[in-house]
Amino acid sequence: MLTPEQLQRGFVIGDRLVRPALNRIRGPEGEAHVEPKVMAVLVCLAGHAGEVVSRNTLYDAVWGKAVVSDQALTNCISELRHHLGDDRAEPRYIETVPKRGYRLVAPVRSAGAEEQQAARADRRLPLAALALLAIGALGLLGWWSLTGTARKGPVTIAVLPFDNADDDEHLNYLRLALPDEITTLLTASRDLVVRPFEHEAAGAPFEVGRARNAGHVITGHYYLEGSSHLTVAVEAQEVAGERVVWRARVTVAADDLLGLRQQISERVSRGLLPALGAAPPAVAPQPTSREAYDLYLKSLALPRQPASHALAVELLERAVALDPDFVPAWTALGRSSYDYGTFAEGGDAALERSLGAWRKALELDPDAISAAMGIVTLHTEAGDLGEAYALAHRLVERFETNAEAHLALAYVYKYGGMLEASQRHCEIALARDPHNPLLRSCAYSYLYAGKLDRVQVFLDADEGSYFSLWGTVLLNLRRADDGAALVAARQAPPDWHPRRFMEPCLEGRRGAELDAEAATFVAYWSRRRDPEFPYALAPMLEYCGRHAEALHFIELAIDRNFCAWPALDQDPVWAGLRENPDFRRLRDEAIACHRRFRAAVESTPAG
């Protein structure tokens, strides 16, 4: 058995070289840095190799007199198993002995020659890595490792939901709110392409990363230490090498979420971004009110479903009243107000509030691209296509590499009937950020043009949402596949208006049997401000034999400046109406709308 002094100089267990003084573990897949307390647990186990070490012994050796939760030790053991490549079910290194403690089952020997070889390898590290290590020696928390090879292409990152390690229901909202915050912090760097987090991400992190075409994944967990402190651990993992490239742990008072945000922001800016080869963004205004920040986080955790929009608006209204300079809260208020006005019962008042919130966000931070995109969306849907195009055009010029800028321009082109231009920018956005859920809008640029083979690619970016479900229904109507359309329709909530009309239609009901459902459907969607709604949903009426109502919806859309040409010529869903006199009149009006938009595009100054 090695002495404490020998252990501190370095030791080998299995195929792992452990260097406690540097908090490093090196194995076949590379080297990892571990937190001091994690290393202290391993050293204690190594000092009693082959023996069962009780939890109390580990607490005394690692934490001294400090009071910590059982979860703190459990997390250390979990991290050690990860770095050692161990399996709890079939342990090669650390065995759990129920009700007694832990045992290091692998033999321990002095590092000897391995330590000298590792030291020589360190001297061959590239200068950039040495510089980062020097910064780390000055006291930065978290760690990073660089390979010294040039980065090719954009750095892509998928942020996953965090794990509520204590299963404390009062902290469940942090599971989604914390990764949303990490996403916001990373998105501020123009060197990164960030895949927004999903509410549920099935599979191991590396599997999710590969499925989302991401080079890195961000994971995390959090737990209460006692009842007074909250600890959050975050790590970035490289998917190709299946290795951790950065880790940080933050502990704050349980009610100090504002302090938590500030510490995570610092570690992301000074640790994670350099590890990914990304430049830190300009410093944005930070939240100043604990209560406001807590309200903001709770709003982020709400699902983006019609039933939740009003509550999200309420929380965010209170947040910005308490902290009027916090940009993310204003951006979120714009988004939630838009959702409430567009997909729920908020109406024009909510949409006006949305515009005001997004303008405030841009006033505070001219680089708040999501707010700028939101303003483009509002102008587009209000029929002000010339102003929308000018804004979107400038957005692409300023943020050429950003997917959302191209999505904004694609959106305006779609409304103006320039479907090929819309598709071109959709493809650019898809290449930049293939899992951005806003890509769902691009599905319709192809749907209206009859290019059905590209539709599902864009719907899949927001798979499972009601936006995607109804796009799938509309796609299958054009394919005359009632069965597939019905399956998709039945996945929506039973009280959702399209389902209440389409389900009986797809089951075969027609004529008077559909009168009541059709009347409700037409009344509900006729009063929505966005003119794409009646145009997009008109095929449902046409497919179900409601020709007059379908023509009424097309007319509503064109009157509100949705330029439905050349879609009226290209979309196969209108084949049965093309000789109808009213349809031909509407086609002429759509052509006039399209020409007005083209004139606005051609008159917009370049640069």
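Small disclaimer: the values here were computed from a predicted structure and weren't measured.

Q: Explanation requested: the nonpolar core in the structure shown.
A: A general feature of soluble globular proteins is that nonpolar side chains tend to end up buried together. Counting residues in hydrophobic clusters, the biggest one holds 155 residues, and the most contacted among them are Leu186 and Met540. It is helix α16 (residues 403-416) that contributes the most residues to this core, 10 residues altogether. Every residue in contact with Leu186, bar those within four places of it in the chain, is listed here: Ile157, Val159, Leu192, Val194, Ile218, Val268, Leu272 and Leu273. Counting residues in each nonpolar core, the second largest holds 33 residues, with Ile13, Leu42, Ala72 and Ile77 among its members.

Q: I'm lost on the packing of helix α12 (residues 327-343) against helix α14 (residues 369-381) in this one. Help?
A: When two helices pack together, their arrangement is given by the angle between the helix axes and by the axis-to-axis distance. In the contact formed by α12 and α14, the axes pass within 9 Å of each other and the chain directions differ by 25°. The angle between α12 and α14 falls in the class roughly parallel. In terms of crossing hand, the pair formed by α12 and α14 is left-handed. Here α12 contributes Thr331, Tyr338 and Thr342 to the contact with α14, which in turn contributes Ser370, Ala371, Thr377, Leu378 and Glu381. Tallied by class, residues from the contact of α12 with α14 come to three nonpolar, four polar and one charged.

Q: Explanation requested: helix α27 (residues 581-603) in the structure shown.
A: Side chains that are three or four residues apart share a direction in an α-helix, a result of its 3.6 residues per turn. With 23 residues, α27 extends 34 Å between its outermost C-alpha atoms, agreeing within 8% with the 33 Å of an ideal straight helix rising 1.5 Å per residue. Buried within α27 are the following residues: Phe583, Leu586, Ala590, Ile591, Cys593, His594, Phe597 and Val601. Where α27 is buried, its residues touch α15 (385-398), α16, α25 (547-559) and α26 (567-570). The backbone nitrogen of Asp582 has a side-chain oxygen 2.7 Å away, supplied by the residue at the start of α27, namely Asn580.

Q: How should I be thinking about the side chain of Asp571 in this particular structure?
A: Relative to the assigned elements, Asp571 resides in the loop between α26 and α27. Judged by relative accessible area, Asp571 falls into the buried class, the value being 0%. Those residues in contact with Asp571, other than ones at most four positions away along the chain, are Leu447, Tyr448, Gly450, Arg478, Tyr535 and Arg578.

Q: Explain the sheet that holds strand β1 (residues 11-13) to me, please; I cannot follow it from the model alone.
A: Sheet strands line up and pair through hydrogen bonds in the backbone, either parallel or antiparallel. Spatial strand order, β4-β3-β2-β1-β8: five strands in an open sheet with antiparallel pairing. Across the chains shown, the open sheet's two edge strands, defined by having one partner strand only, are β4 (30-33) and β8 (108-110). Ignoring which end each strand starts from, the neighbouring axes of this sheet average 25° apart. In this structure, β1 lies alongside strand β2 (residues 16-19), joined through three bridges in antiparallel fashion. Within β2, the position partnered with Val12 by the bridge is Leu17. Against the sheet, helix α2 (residues 36-47) contacts β1, β2, β3 (24-27) and β8, and its axis sits at roughly 80° relative to β1.

Q: Can you walk me through the packing of aromatic side chains in this structure?
A: Aromatic rings in a pair are described by how distant their centres are and how their planes are angled relative to each other. Summed over the entire model, instances satisfying the criterion amount to 23 aromatic pairs. The interplanar angle of 75° and the centroid separation of 5.0 Å between the aromatic rings of Tyr415 and Phe562 together place this pair among those described as edge-to-face. Of this pair, Tyr415 sits in helix α16 while Phe562 sits in the loop between α25 and α26, placing them 147 residues apart in sequence. By relative accessible area, Tyr415 is classed as buried at 0%. With 4.8 Å between their ring centres and 85° between their planes, Tyr524 and Trp525 make a pair best called edge-to-face. Of the two residues, Tyr524 and Trp525, both sit in the buried class. By the ring-pair criterion, three or more aromatic residues cluster together here, those being Tyr411, Tyr415, Tyr444, Tyr448, Tyr535, Phe562, Trp574 and Phe583. The cationic tip of Lys298 hangs over the ring face of Tyr173; the distance from NZ or CZ to the ring centre is 5.5 Å. Sitting over the face of the ring of Tyr524, Arg528 holds its NZ or CZ atom 4.2 Å from the ring centroid.

Q: In this structure, what is going on with the sheet that holds strand β6 (residues 94-97)? I would like to understand it.
A: The strand order across the open sheet built from three strands is β5-β7-β6, with neighbouring strands paired in antiparallel fashion. Strands with a single pairing partner mark the edges of an open sheet, and in this sheet they are β5 (52-54) and β6. Pairwise comparison of adjacent strand axes, ignoring direction, gives a mean angle of 30° for this sheet. Two elements, β5 and strand β7 (residues 101-104), share three bridges in a ladder whose sense is antiparallel. Note on β7: the bridge partner recorded for Val53 is Tyr102. Relative to the sheet, α2 contacts β5, β6 and β7, its axis offset from that of β7 by approximately 70°.

Q: Looking at this structure, I do not really get the layout of surface pockets. What am I missing?
A: If you roll a probe as big as a water molecule over the atoms, it shows you where there is empty space left. Here the second largest pocket is characterised by a volume of approximately 910 Å³. Lining of the second largest pocket is provided by 39 residues; of these, Ser78, Glu79, His82, Asp163 and His221 occupy positions nearest its centre. Residue assignment for the lining of the second largest pocket shows that the elements contributing at least two residues are α4 (70-84), β6, β7, α8 (205-211), β13 (216-225), β14 (229-238) and β15 (243-253). Considered class by class, the residues forming the lining of the second largest pocket number 15 nonpolar, 13 polar and 11 charged.

Q: Whenever I open this one, the state of the cysteines confuses me. Can you help?
A: Covalently bonding the sulfur atom of one cysteine to the sulfur atom of another cysteine gives a disulfide. Counted under the stated rule, the structure contains three disulfides. Disulfide pairing places Cys426 opposite Cys442 at an S-S distance of 2.1 Å. Here the S-S torsion is close to -90°, and the disulfide linking Cys426 with Cys442 is therefore left-handed. With Cys426 in helix α17 (residues 419-432) and Cys442 in helix α18 (residues 442-447), the pair connects residues that are 16 residues apart, well separated along the chain. Residue Cys426 shares its accessibility class with Cys442, and that shared class is buried. When the bonded cysteines of the protein chain are counted from the start of the sequence, the pairing works out to 1-2, 3-4, 5-6.

Criteria and cut-off values
- Residues numbered from 1 in each chain as written.
- Predicted model: local features only at pLDDT ≥ 70, side-chain atom pairs only at ≥ 80, totals over all residues.
- Heavy atoms only, no water.
- Core = buried A, V, L, I, M, F, W, Y, C linked by side-chain atoms within 4.5 Å.
- Buried < 20%, exposed > 50% of the residue type's maximum accessible area, 1.4 Å probe, protein only.
- Helix = DSSP H or I, 4+ residues; strand = E, 2+ residues; numbered from the N terminus.
- Contact = heavy atoms within 4.5 Å.
- Axes fitted to C-alpha atoms, helices over the stretch in contact; angles between N-to-C directions.
- Parallel < 35°, antiparallel > 145°, perpendicular 65-115°, else oblique.
- Left-handed = near helix turned anticlockwise from the far one by under 90°.
- Nonpolar A, V, L, I, M, F, W, Y, C, P; charged D, E, K, R; others polar.
- Expected span 1.5 Å × (residues − 1).
- Polar contact = N/O pair within 3.5 Å; in protein donor to acceptor, adjacent residues only side chain to side chain.
- Pairing = 2+ DSSP bridges.
- Phe/Tyr/Trp six-rings, centres within 6.5 Å; stacked < 30°, edge-to-face > 60°.
- Lys NZ or Arg CZ within 6 Å of the ring centre and 35° of its normal.
- 1 Å grid on protein atoms, 1.4 Å probe; cavity = no way out; pocket = protein on both sides within 12 Å on 5 of 7 lines; lining within 4 Å.
- Points joined across faces, edges and corners; volume = space filled by probe spheres on them.
- Disulfide = S-S within 2.5 Å.

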